[in-house]
Amino acid sequence: MGNEAGVIGNSSEGVSERKERLAMLRDSANKYASRDSHLKRARQLRGTHPGYDRQVWRKMAELGWLGTLLPERFGGLELGCAETAVIAEALGRSLFPEPLVASAVLAGGTVLYGDNDALKAELLPALAGGEMVPALAWREEGHIGDLLIVETRADETSSGVKISGSKRLVIGGASADGFIVTARSRQGIGLYWVPSGKVTSGVSVIELADGRPAAELKLSGVDVPGSHRIAGPGTAEAALLRAYDEALITTAAELLGVLSRAFEITLDYLRTRVQFGKPIGSFQALQHRAVDLYIEQRLCRHALDDVIAGTSVADLSANARGALASRIKARCSEASLRITREAIQMHGAIGFSDECDIGLFLKRAITLAGWLGGAEVHRRRYAQLAPHEAETRDSKGKK
């Protein structure tokens with residue numbers, strides 16, 4: 001796997017300069033994402049195809065958000081997970097339907113960490129410029145959260161490769177311009193670029209809990225040239241896992257945005273809803289519940305900061321990175337479900353109505369918490385990888 005500069009972070013940059021840059025980015029991202037129109041868009045685009053706005057996608061490209069992790073030579077900003085997490089959190093607060101993490105982080109990362117330089121030069125500038133929406137097709141029936149269990153076949157032919165199999169729950173795939181498909185050849189797992197035109201008849205669309213569409217792929221002997229192999233055996237596994245871990249961290253940040261905004265909306269409701277002549281926020285039982293949710297939110301915030309700091313270590317091992325990524329995904333998945341469900345209850349009967357925005361936050365939390373593996377999946381993964389994280393921390397003199 002290539003050692004692309006700037007993907008995890010710039011360790012040579014001073015701490016104060018990095019904090020200042022992150023603060024400026026957070027302010028800019030929140031200013032754009034917090035407009036009322038974006039939450040209205042999320043509501044209006046439910047159940048539609050493609051489920052997001054290409055004009056907004058291009059605006060995100062103009063802001064540099066689609067190329068945060070990409071090197072400058074591909075039109076990116078060559079920053080790191082911290083910056084991408086700041087953006088993802090802002091998008092989560094307004095329930096952006098655009099597939100930033102699925103396309104720019106997960107799919108883009110598998111291309112970036114692959115070994116096909118020609119495809120990188122073709123695909124990554126188009127992604128950074130907002131001209132293309134790629135999607136990673138990896139999940140198969142019965143395999144949740146394990147990228148390396150692959151039954152889709154890649155058989156070599158005289159003209160290239162023939163891919164046969166099926167893929168489920170491809171986020172961003174309902175209108176993707178192409179798919180990065182995991183498939184197994186005789187030599188092992190590989191990654192293949194399949195333009196959407198090759199699988200038009202094999203794409204079906206399902207609706208997720210939050211109303212966004214996802215694709216299901218049927219690949220019945222799809223032929224692609226050998227030049228469309230993004231990564232071969234060995235490199236493909238490493239590329240997948242690195243992009244996966246970065247997607248876990250940024251999805252956790254998006255979940256933090258979802259749960260934080262849901263909590264703020266709930267606090268506003270407790271202050272303004274009057275019952276028995278006084279705001280319901282003055283009732284001690286509700287105050288205690290709100291404090292519990294506040295603690296959950298703060299734990300997620302500090303855990304995310306800790307994980308991002310951990311991934312900035314220059315010589316971080318793949319296992320240590322995986323442990324950090326699974327730790328934060330498990331925490332934010334569980335906390336987001338608890339906070340958004342409690343928010344519904346604290347709104348009372350109105351919280352269950354579709355007209356009330358708080359229900360949209362619960363549905364987004366349900367979708368993101370399960371995507372890429374839920375809390376249980378990542379607690380198990382963390383248990384397997386935690387010793388490696390501990391070794392890394394000990395070597396850096398951390399507790």
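(A) Up close: the overall build of the chain. Looking only at helices and strands, the chain has eleven helices and ten strands in total. If one aligns the C-alpha atoms of the chain with their principal axes, the spans along those axes are about 80 × 50 × 40 Å. In the chain, the proportion of contacts linking residues at least 24 apart, taken out of those at least 6 apart, comes to 77%. When the accessible surface of the chain is split by element, carbon and sulfur atoms take 51% of a total near 16,900 Å². If the 50 positive side-chain charges of the chain are averaged to one point and the 48 negative ones to another, these points end up 4 Å apart.

(B) A look at the packing of helix H5 (residues 100–112) against helix H7 (residues 235–272). At a minimum axis distance of 7 Å, the contact between H5 and H7 shows a crossing angle of 160 degrees. Our classification of the angle between H5 and H7 gives roughly antiparallel. Seen from above, H5 lies across H7 with right-handed handedness. Contacts from Val-101, Val-105, Leu-106, Gly-109 and Thr-110 in H5 reach Ala-239, Leu-240, Ala-243, Tyr-244, Glu-246, Ala-247, Thr-250, Thr-251 and Glu-254 in H7. Here the contact of H5 with H7 is built from residues that sort into eight nonpolar, four polar and two charged.

(C) Seen up close, the pairing of strand S3 (residues 160–171). Relative to S3, strand S2 (residues 153–156) runs antiparallel, the two sharing four bridges. Residue Ala-154 lies in a different strand from S3, and its bridge partner there is Ile-163. What sits between S2 and S3 in their antiparallel hairpin is a turn of three residues.

(D) Broad picture of the pattern of salt bridges. Within the structure shown, the criterion is met by 26 salt bridges. Of the charged contacts in the structure, one is a salt bridge between Arg-43 and Asp-354, with a shortest N-O distance of 3.6 Å. Linking Arg-43 in helix H2 (residues 36–44) with Asp-354 in the loop between helix H9 (318–346) and helix H10 (358–370), this pair joins segments that are 311 residues apart in sequence. By sharing partners, the salt bridges in this structure join Arg-43, Arg-46, Asp-354, Asp-357 and Lys-363 into a single network.

(E) The packing of aromatic side chains, seen in detail. According to the stated counting rule, one finds five aromatic pairs in the structure shown. Measuring from centroid to centroid gives 6.4 Å for Trp-138 and Tyr-244, while their planes differ by 65 degrees, and the two rings are edge-to-face. Linking Trp-138 in the loop between strand S1 (134–137) and S2 with Tyr-244 in helix H7, this pair joins segments that are 106 residues apart in sequence. The pair Trp-138 / Tyr-244 is uniform in exposure class, with both members buried. Where Phe-263 meets Tyr-294, the ring centres are 6.4 Å apart and the plane angle is 35 degrees; that geometry is what we call tilted. Taken together, the residues span a long stretch of sequence, with Phe-263 in helix H7 and Tyr-294 in helix H8 (residues 284–311) at a distance of 31 residues. In textbook terms, an aromatic cluster arises when at least three aromatic residues are bridged by ring pairs, as seen for Tyr-32, Trp-65 and Phe-96. For the cation-ring pair, Arg-41 lies above Phe-96, with the distance from its terminal atom to the ring centre recorded as 5.3 Å. For Arg-242, the ring lying beneath its charged end belongs to Tyr-113, and the centroid distance is 4.5 Å.

Conventions adopted
Residues numbered from 1 in each chain as written. Predicted model: local features only at pLDDT ≥ 70, side-chain atom pairs only at ≥ 80, totals over all residues. Heavy atoms only, no water. Helix = DSSP H or I, 4+ residues; strand = E, 2+ residues; numbered from the N terminus. Contact = heavy atoms within 4.5 Å. Areas by Shrake-Rupley, 256 points an atom, 1.4 Å probe, with all protein chains shown as cover. Lys, Arg positive; Asp, Glu negative; His and termini not counted. Charge placed at Lys NZ, Arg CZ, Asp CG, Glu CD. Axes fitted to C-alpha atoms, helices over the stretch in contact; angles between N-to-C directions. Parallel < 35°, antiparallel > 145°, perpendicular 65-115°, else oblique. Left-handed = near helix turned anticlockwise from the far one by under 90°. Nonpolar A, V, L, I, M, F, W, Y, C, P; charged D, E, K, R; others polar. Pairing = 2+ DSSP bridges. Salt bridge = Lys/Arg side-chain N within 4 Å of Asp/Glu carboxyl O. Phe/Tyr/Trp six-rings, centres within 6.5 Å; stacked < 30°, edge-to-face > 60°. Buried < 20%, exposed > 50% of the residue type's maximum accessible area, 1.4 Å probe, protein only. Lys NZ or Arg CZ within 6 Å of the ring centre and 35° of its normal.

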